[in-house]
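Structure assessment
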Protein chains: 2
Amino acid sequence: MGTRGVSGRRPEAVFPLGRAGSPRGDGGRGTAAADEREPTMRTEELAELGQQLRVDAVRAAAAAGSGHPTSAMSAADLAAVLLAHQLRYDFDRPDHPGNDRLILSKGHASPLLYALYRAAGVIDGAELLTFRHDGSPLEGHPTPRLPWVDVATGSLGQGLPIGVGMALAGQRLDRVPYRIWVLCGDSEMAEGSVWEAVEAAAYEKLDHLTLIVDVNRLGQRGPTREGWDLDAYARRLDAFGWHTVEVDGHDVEAVDAAFAEAAATAGRPTAVLARTRKGRGVAEVEDREGFHGKPLPHPEQAVEELGGVRDIRVDVALPPPVTARPATPLRPAEPPRYRIGDEVATRDAFGEALAALGSVRGDVVALDGEVGDSTRTEAFARAHPDRAFEFYIAEQQLVAAAVGMRARGYLPFATTFAAFLTRAHDMIRMAAVSEAGIQLCGSHAGVAIGPDGPSQMGLEDLAMMRAVHGSTVLYPCDANQTADLVRRMAQLPGIGYLRTSRGAGPVLYGPDEAFPVGGSRLLRSGDGDRVTVVAAGVTVHEALKAADLLAGAGIGVRVLDLYSVKPVDTEALEAAADATGCLMTVEDHRPEGGIGDAVASAFADGRPLPRLVRLAVRTMPGSATPAEQLAHAGIDADSIAAAVRLLVGAAVVR
Amino acid sequence: MGTRGVSGRRPEAVFPLGRAGSPRGDGGRGTAAADEREPTMRTEELAELGQQLRVDAVRAAAAAGSGHPTSAMSAADLAAVLLAHQLRYDFDRPDHPGNDRLILSKGHASPLLYALYRAAGVIDGAELLTFRHDGSPLEGHPTPRLPWVDVATGSLGQGLPIGVGMALAGQRLDRVPYRIWVLCGDSEMAEGSVWEAVEAAAYEKLDHLTLIVDVNRLGQRGPTREGWDLDAYARRLDAFGWHTVEVDGHDVEAVDAAFAEAAATAGRPTAVLARTRKGRGVAEVEDREGFHGKPLPHPEQAVEELGGVRDIRVDVALPPPVTARPATPLRPAEPPRYRIGDEVATRDAFGEALAALGSVRGDVVALDGEVGDSTRTEAFARAHPDRAFEFYIAEQQLVAAAVGMRARGYLPFATTFAAFLTRAHDMIRMAAVSEAGIQLCGSHAGVAIGPDGPSQMGLEDLAMMRAVHGSTVLYPCDANQTADLVRRMAQLPGIGYLRTSRGAGPVLYGPDEAFPVGGSRLLRSGDGDRVTVVAAGVTVHEALKAADLLAGAGIGVRVLDLYSVKPVDTEALEAAADATGCLMTVEDHRPEGGIGDAVASAFADGRPLPRLVRLAVRTMPGSATPAEQLAHAGIDADSIAAAVRLLVGAAVVR
């Protein structure tokens with residue numbers, strides 16, 4: 001963006017009421033004169049600011065040829081009052097630890113946010129009009145390419161659960177009284193993720209969290225279920241334990257009072273339910289259907305109707321100084337070490353390694369979806385109760401809270417069953433857009449869990465996590481490998497995923513061995529190897545057994561432990577292909593999107609490919625023991641050995 | 001399962017009070033004597049039945065060595081009363097159109113369901129004890145392998161939204177007064193999907209839907225947020241417009257009255273909130289933590305404490321006769337036809353084709369997530385308003401309702417943006433376990449949508465949908481192809497997915513061409529072709545332009561339209577590989593899990609592979625025009641041509 005036109009401290013900042021009867025062009029910032037002024041704006045000034053935001057939203061969308069100006073216009077007065085009277089934010093220091101946070105959950109109303117930035121003096125009129133243009137950080141929906149945007153929005157219903165994560169961080173970790181303001185639309189109140197957050201926020205008594213609902217009664221294709229029935233929303237929020245305030249969202253004085261009431265309410269979060277009109281201020285579109293998500297039909301007339309371009313600049317209040325909290329003294333614990341040959345489940349090693357990581361890094365936090373006893377996150381919770389968070393059975397909230405805590409500088413590990421992470425797929429996808437390097441662990445992977453059956457089996461998680469932009473996907477086969485990978489996850493730049501297993505398996509590696517991300521381990525090899533079996537997790541053990549079986553029959557096979565599924569060890573796979581000509585992948589996962597696909601993708605630059613054979617879970621499992629499940633899926637030692645024999649016998653491989 | 005021990009009509013059915021002071025083994029069904037009896041059970045008989053269900057749950061889990069008996073025991077009295085006094089169900093005719101439906105949303109309490117089946121006389125004691133054994137349909141969590149289970153459960157929070165779909169089918173499609181009974185746990189009330197359903201059910205006035213909440217206050221790893229505070233649940237449900245009844249869940253008389261009140265309540269759904277004790281009846285485990293999801297420590301003593309094995313058999317009421325509703329007369333409309341060369345978006349063709357399909361098939365229903373104007377589902381809604389369902393912005397409910405309607409025999413097409421289908425990933429995964437062949441359409445695929453930015457772009461949907469068991473994944477590039485594929489989706493045995501595009505593109509194919517599932521189309525080919533470009537959707541058009549560019553430079557390339565991403569046309573890919581040696585995939589999707597992986601998977605049987613090069617979306621897009629987006633992602637015509645030139649110039653390809 002351009003340089004800042006106003007100093008960070010802005011003791012001299014002004015309120016030059018730049019009203020004009022007609023558009024005056026994109027005049028920019030006005031002149032900052034050192035007027036004496038009231039600490040707060042007068043009612044008519046607030047109303048003027050609201051009109052400025054509308055005008056700017058209309059102009060931005062007109063310049064872009066797309067966008068959602070009418071959705072911005074309904075919330076303009078709410079945003080004006082928030083910026084002028086409530087938000088405490090140092091635009092020069094977006095990382096100021098005392099800053100309030102504003103999340104525009106209705107991300108499609110992005111022109112409103114950018115109009116706020118112009119009013120705050122951090123972008124100018126020319127920059128505003130780059131909205132939605134190639135290369136502009138003023139994207140169609142807000143992303144952290146702008147320094148004042150903490151998390152991307154645009155998938156509705158995510159702002160509040162992310163705000164819960166931030167507010168929890170403020171309350172229990174930072175212990176700084178910043179406020180989280182979430183501005184959402186009425187349509188998105190239908191998303192279940194909102195109600196997961198509503199419950200969590202009340203339960204955790206997040207009184208520094210305020211939800212502002214812009215009840216403009218019109219969704220994308222027509223009216224919402226509740227229309228302008230503010231009471232309907234209030235009854236629900238109240239029943240969950242929230243304080244609620246109903247208000248005319250275009251009465252700036254009433255809005256001002258409502259926000260003050262929210263800020264003054266202790267012991268529970270507040271929702272300000274604001275009755276508004278979509279497209280407010282322009283008769284041609286106001287409260288009319290058919291104008292969602294498009295520029296106004298006659299933007300110049302609309303700007304005129306709204307009173308023209310203004311250059312009001314708001315002196316946004318700075319956050320109060322924050323006293324650095326003394327760092328919680330850490331009591332470093334040794335990372336777990338396991339003896340080769342002992343039977344240990346990787347989920348157990350995960351829990352112990354995470355607890356150990358937390359003992360040397362105070363920024364590590366652990367988030368549980370009411371399965372901490374199964375995923376073993378409970379080990380962390382026992383060691384670091386102050387940094388353990390319980391979200392009950394609400395996986396969307398679980399992952400969204402991780403995003404919020406990451407935005408506040410923490411390193412969250414969020415864990416549930418691999419199968420149930422699918423519940424939060426959209427939050428994970430959006431976390432990548434938010435550049436939020438959260439760490440996820442999915443336990444109970446694959447058919448190997450045994451009798452619980454397919455509803456509990458993570459069989460699609462590798463496909464889901466590989467396709468996340470910038471993700472790292474790890475799948476350890478033993479306890480020491482797990483412990484090492486957990487340490488490495490703390491260094492990842494993007495989203496990390498660790499897949500753990502329910503059942504115990506023998507420890508294969510020593511406690512001091514290193515497992516770099518992007519690597520692999522050759523566990524068996526000989527000169528006459530005819531196939532390389534590429535396995536990970538539970539299938540590594542099956543592959544080793546198969547190699548023993550085949551060695552007895554004089555057939556040599558290599559076994560490669562592909563613990564890093566993404567990035568994948570291209571070099572090792574190429575070497576294995578060169579040496580044995582044929583690769584056989586074996587995975588406790590669906591055939592699509594997992595290890596087979598990852599291995600194939602290593603040969604995607606036009607070089608000759610090896611022969612590939614894939615063993616994966618191709619049927620719908622029922623209940624059975626783990627050993628039976630692996631056999632039925634055709635990924636146990638016998639199946640691997642049989643497949644190799646078939647290839648060798650058919651002389652398909654040399 | 002074994003043969004039925006009791007006739008379907010059972011006019012002679014009995015209530016042989018098989019109480020015994022100590023375990024009597026797995027005695028089976030008792031003797032069916034033709035006693036005269038009251039039409040309803042006496043209080044003490046109901047209580048005895050509850051004890052029988054507990055005993056059977058304990059025995060089943062003990063025989064399995066795993067399972068969740070304590071979760072079954074808390075709900076046993078609720079289930080007993082339901083079976084004996086409320087459920088109208090013909091176990092001989094699970095497809096009886098008048099049958100009530102029972103969904104055990106807390107699927108881990110499956111032994112309770114199987115104990116009900118024994119009490120109903122449709123499985124015997126020996127069968128009960130096959131619980132969780134290899135090959136037994138009595139799986140760890142219920143699946144439709146049992147004829148009386150409509151939908152799989154086990155991923156919490158899905159029963160109610162599926163029940164909403166069934167109840168809507170009853171109310172608006174079947175117009176048969178069957179009741180939907182959903183038994184759920186208190187822990188799962190934290191899932192947002194439950195609240196999406198709570199809102200939908202009240203809004204739609206689904207008075208034939210009853211939610212029974214087994215409030216045993218204990219989750220998996222400890223107490224729930226609300227404990228036994230029934231009022232907390234009641235306030236919330238009431239605020240959404242439900243009728244609620246609070247009851248002691250072990251007082252069978254009170255439960256009986258509560259269910260009767262639910263059945264008699266008109267105009268809104270009813271929730272029966274039942275205070276219960278986990279592990280009820282066995283002091284060692286009752287209301288104690290640490291006994292979730294495991295067999296009782298001393299099952300034989302427990303059975304004794306519960307009064308021993310009983311052989312009570314319940315004469316389940318048959319549904320009232322259903323008068324066949326005259327089929328709604330259809331007014332067949334011609335499927336849409338598009339002229340080659342016209343510019344038409346595939347989303348437009350989808351809407352028109354779906355409307356046409358609905359005009360010849362009365363079982364087709366369309367479900368919208370408040371984006372019908374964008375996805376073009378609105379075309380169906382206009383043509384067939386009685387079969388169009390609006391779920392507002394609640395994608396989990398959207399897909400779960402499709403599962404419920406499918407279970408009632410309809411063919412649902414559920415549609416939203418491809419990006420937002422990720423919100424329902426868990427519901428889609430579970431739909432496969434439910435064997436529910438729902439059809440999904442995701443619009444606004446890829447970076448080609450343009451300025452709206454990454455939050456709105458489906459870039460991971462192919463990966464998600466390919467990994468769904470038994471799925472079909474289709475991605476048309478023109479309007480006539482889309483229309484043909486929509487017709488074919490109606491014939492798919494499993495879950496189908498159609499990916500559509502926002503922008504218009506030229507019609508390439510004639511209106512009478514056929515596009516079989518699993519096929520592909522060779523759009524360009526010549527003798528000297530050096531590379532085959534494999535494209536789908538928007539990249540087909542880019543590939544054709546690239547082929548023109550390259551032809552000008554004397555470089556021949558084939559263009560293959562891979563409209564069927566799963567199953568993939570192995571034969572055509574092999575032929576292309578034979579002919580040109582090198583395949584280049586080009587996709588408007590992340591590099592993982594999509595077309596590149598699908599093409600590679602076609603060469604997974606050990607045969608030699610072609611050289612593969614993959615172009616895909618490897619960066620995080622911002623806002624830009626569609627053309628700019630395709631260029632930035634490196635998947636436009638120029639990028640394809642440049643990549644081919646590089647390969648040819650480097651002599652990587654012949």
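Residues numbered from 1 in each chain as written. Chains lettered and ligands numbered in written order. Predicted model: local features only at pLDDT ≥ 70, side-chain atom pairs only at ≥ 80, totals over all residues. Heavy atoms only, no water.

1. Looking at the UniProt feature "domain: Transketolase-like pyrimidine-binding" (unreviewed entry) in chain A
Mapped onto this numbering, the UniProt entry gives "domain: Transketolase-like pyrimidine-binding" (unreviewed entry) at residues 344-507 of chain A. For residues 344-507 of chain A, the end-to-end C-alpha separation is 7 Å, with 39% helix and 20% strand making up the annotated structure. (UniProt positions renumbered as here; feature names shortened; annotations may be inferred. Helix = DSSP H or I, 4+ residues; strand = E, 2+ residues; numbered from the N terminus.)

2. Considerations on the nonpolar core
Within the largest apolar cluster, 284 residues are counted, with the highest numbers of intra-cluster contacts made by Trp242 of chain A together with Trp242 of chain B. Aside from chain neighbours lying at most four places away, what touches tryptophan 242 of chain B is Leu160, Val198, Ala201, Ala202, Leu209, Leu211, Leu237, Arg268, Pro269, Thr270 and Ala271 of chain B. (Core = buried A, V, L, I, M, F, W, Y, C linked by side-chain atoms within 4.5 Å. Buried < 20%, exposed > 50% of the residue type's maximum accessible area, 1.4 Å probe, protein only. Contact = heavy atoms within 4.5 Å.)

3. Focus on the side chain of glutamine 396 of chain A
With respect to the element layout, glutamine 396 of chain A can be found in helix 14 (residues 395-407). The exposure class of glutamine 396 of chain A is buried, given its relative accessible area of 0%. There is a polar contact of 2.9 Å between the side chain of glutamine 396 of chain A and the side chain of arginine 423 of chain B. Look past the residues within four positions of glutamine 396 of chain A in its chain and what remains in contact with it is Gly192, Ser193, Glu196, Arg423, Ala424 and Met427 of chain A together with Gln396 and Arg423 of chain B. (Polar contact = N/O pair within 3.5 Å; in protein donor to acceptor, adjacent residues only side chain to side chain.)

4. Observations concerning the domain arrangement of chain A
You'll often see interface size given as the accessible area lost when the parts meet. Residues and elements named next belong to chain A. Along its sequence, chain A is carved into domain 1 (43-306), domain 2 (342-507) and domain 3 (521-650). Domain 2 and domain 3 are separated by 25 Å when their C-alpha centres are compared. On the side of domain 3, 34 residues touch domain 2, which itself brings 31 residues to the contact. The interface formed by domain 2 and domain 3 holds zero salt bridges in total. Taken together, the links from domain 2 to domain 3 amount to 18 residue pairs in polar contact (both at pLDDT 80 or more). Elements with a contribution of two residues or more to the side of domain 2 that touches domain 3: helix 16 (461-466), strand 11 (472-474) and helix 17 (479-489). It is helix 16 that contributes the most residues to the side of domain 2 that touches domain 3, four residues altogether. (Domains from an automatic or database assignment. Salt bridge = Lys/Arg side-chain N within 4 Å of Asp/Glu carboxyl O.)

5. Let's talk about the sheet that holds strand 4 (residues 243-248) of chain B
Residues and elements named next belong to chain B. Within the open sheet, the five strands sit side by side as 1-2-3-5-4. Their pairing is parallel. Both edges of this open sheet fall to strand 1 (101-104) and strand 4, since each of them pairs with a single strand only. Taken over all neighbouring pairs, the strand axes of this sheet differ in orientation by 15° on average, direction set aside. Pairing of strand 2 (residues 180-185) with strand 3 (residues 209-215), which is carried by six bridges, proceeds in the parallel orientation. By the bridge assignment for strand 3, cysteine 184 is matched with valine 213. The sheet strands contacting helix 9 (residues 252-264) are strand 2, strand 3, strand 4 and strand 5 (270-275), and the helix crosses strand 4 at an angle near 170°. (Pairing = 2+ DSSP bridges. Axes fitted to C-alpha atoms, helices over the stretch in contact; angles between N-to-C directions.)

6. Regarding the relation of the copies chain B and chain A
Between chain B and chain A, which share one sequence, the superposing operator has a rotation angle of 180° and an axial displacement of 0.0 Å; the RMSD is 0.0 Å. Classification of the inter-copy transformation places it as that of a two-fold axis. Taking C-alpha positions as reference, the residue of chain B nearest the rotation axis is glycine 192 of chain B, located at 1.8 Å. When the interface residues of chain B are mapped onto chain A, 100% of them are again interface residues, pointing to one common binding face. (Least-squares fit on C-alpha atoms with pLDDT ≥ 70 in both.)

7. What to know about the packing of helix 1 (residues 43-64) of chain A against helix 3 (residues 76-86) of chain A
The relative placement of two packed helices is expressed as an angle between their axes plus a distance between the axes. Residues and elements named next belong to chain A. Running from N to C, helix 1 and helix 3 cross one another at 120°; their axes reach a closest spacing of 8 Å. One way to sum up the angle between helix 1 and helix 3 is to call them oblique. When the axes of helix 1 and helix 3 are compared, the crossing they make is right-handed. Here helix 1 contributes Leu46, Ala47, Leu49, Gly50, Leu53 and Arg54 to the contact with helix 3, which in turn contributes Ala76, Asp77, Ala79, Ala80, Val81, Ala84 and His85. (Parallel < 35°, antiparallel > 145°, perpendicular 65-115°, else oblique. Left-handed = near helix turned anticlockwise from the far one by under 90°.)

8. Some words on unusual backbone geometry
With the exception of glycine, the majority of residues adopt a negative phi angle, and the majority of peptide bonds are in the trans configuration. That bond from lysine 566 of chain A to proline 567 of chain A is cis: its omega, -5°, falls within 30 degrees of zero. Its identity as a non-glycine residue notwithstanding, arginine 132 of chain B has a phi of 70°, on the positive side. Residue position: arginine 132 of chain B is located in the loop between helix 5 (125-128) and helix 6 (159-174). You can call arginine 132 of chain B buried: its relative accessible area is 5%. Located in the positive-phi region is lysine 205 of chain B, a residue other than glycine, with phi close to 55°.

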